[in-house]
Amino acid sequence: ETRGLIGAEELALLPRHAVVVNVGRGAVIDEHALYAALREGRLHGAGLDVWWSYPATYEEALCKPPSAFPYGELDRVVLSPHRGGGIGVADLELARMRRIGEMLSAAGRDGVERMPHRWDFGLGY
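In this report, the structure presented in the accompanying data block is examined. (Residues numbered from 1 in each chain as written. Predicted model: local features only at pLDDT ≥ 70, side-chain atom pairs only at ≥ 80, totals over all residues. Heavy atoms only, no water.)

1. Thoughts on the side chain of Asn 22
Now for step 1: Looking at the element boundaries, Asn 22 is found in strand β1 (residues 19-22).
Now for step 2: Assessed through its relative accessible area of 6%, Asn 22 is described here as buried.
Now for step 3: Reaching out from Asn 22, the side chain makes a polar contact with the backbone oxygen of Arg 25 at a distance of 2.9 Å.
Now for step 4: When residues no more than four places from it in sequence are discounted, the contact partners of Asn 22 are Ile 29, Gly 47, Leu 48, Asp 49 and Val 50. (Helix = DSSP H or I, 4+ residues; strand = E, 2+ residues; numbered from the N terminus. Buried < 20%, exposed > 50% of the residue type's maximum accessible area, 1.4 Å probe, protein only. Polar contact = N/O pair within 3.5 Å; in protein donor to acceptor, adjacent residues only side chain to side chain. Contact = heavy atoms within 4.5 Å.)

Shown next as structure tokens:
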């Protein structure tokens, strides 16, 4: 069982400049512990290609958030619905992975405000 394998205690061992990347399963990292560490500035950021809650239908996808916590409101978090790599046409997937890497690099180098393709709540995307 890997649910909650990384919790508050494990996250507290990371330095403040650490960026947590989860591309396996959302539940491996304790949802609340990660959110709290990010919100309180105990971690620099996170790249999450997994969610804790997946919609069962298209209609549910329009309104069901990926987590019980508002990760999308945090400036230093990149969310992707388990689409960050390895599915489909190789060239397309390589381009997608490259773009995600560029976004994370830009956020770390230039700050979140200047990160390309940043979520704009005013625009709704």
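2. Digging into the nonpolar core
Side chains of nonpolar character tend, in soluble globular proteins, to be buried together.
Now for step 1: Membership of the largest hydrophobic core comes to 16 residues, with the highest contact counts inside it found for Leu 11, Leu 34, Leu 38, Leu 43, Leu 48, Tyr 71 and Val 77.
Now for step 2: Those elements that place two or more of their residues in this core are α2 (31-39) and β2 (45-48).
Now for step 3: Top element by residues in this core is α2. It accounts for 5 residues.
Now for step 4: The residues contacting Leu 34, other than those within four sequence positions of it, are Leu 11, Val 20, Ile 29, Leu 43, Leu 48, Trp 52 and Tyr 71. (Core = buried A, V, L, I, M, F, W, Y, C linked by side-chain atoms within 4.5 Å.)

3. Quick word on the packing of aromatic side chains
Now for step 1: Throughout the structure, instances matching the rule amount to 3 aromatic pairs.
Now for step 2: With 5.4 Å between their ring centres and 80° between their planes, Tyr 35 and Tyr 71 make a pair best called edge-to-face. Of this pair, Tyr 35 sits in helix α2 while Tyr 71 sits in the loop between α3 (58-61) and β3 (77-79), and the two are 36 residues apart along the sequence. This pair shows no difference in class: Tyr 35 is buried, exactly as Tyr 71 is.
Now for step 3: Relative to Tyr 71, the ring of Trp 52 lies with its centre 5.0 Å away and its plane at 10°, an arrangement referred to as stacked. Taken together, the positions of Trp 52 in the loop between β2 and α3 and Tyr 71 in the loop between α3 and β3 put the pair 19 residues apart, joining distant regions of the chain. Across the pair, Tyr 71 and Trp 52 agree in class, each one buried. (Phe/Tyr/Trp six-rings, centres within 6.5 Å; stacked < 30°, edge-to-face > 60°.)

4. Things to note about the sheet that holds β2
Now for step 1: What the 3 strands build is an open sheet, ordered β1-β2-β3; its pairing is parallel. Two strands lie at the open edges of the sheet, namely β1 and β3, each paired on one side alone. Between one strand axis and the next, the sheet turns through 10° on average, direction left out of account. (Pairing = 2+ DSSP bridges. Axes fitted to C-alpha atoms, helices over the stretch in contact; angles between N-to-C directions.)

5. Structural notes on the pattern of salt bridges
Now for step 1: Summed over the entire model, instances satisfying the criterion amount to 5 salt bridges.
Now for step 2: The salt bridge involving Arg 42 is made with Glu 40; its shortest N-O contact spans 2.7 Å.
Now for step 3: Judged by its relative accessible area of 31%, Arg 42 falls in the partly exposed class.
Now for step 4: Through salt bridges that share partners, Arg 39, Glu 40 and Arg 42 make up one connected network. (Salt bridge = Lys/Arg side-chain N within 4 Å of Asp/Glu carboxyl O.)

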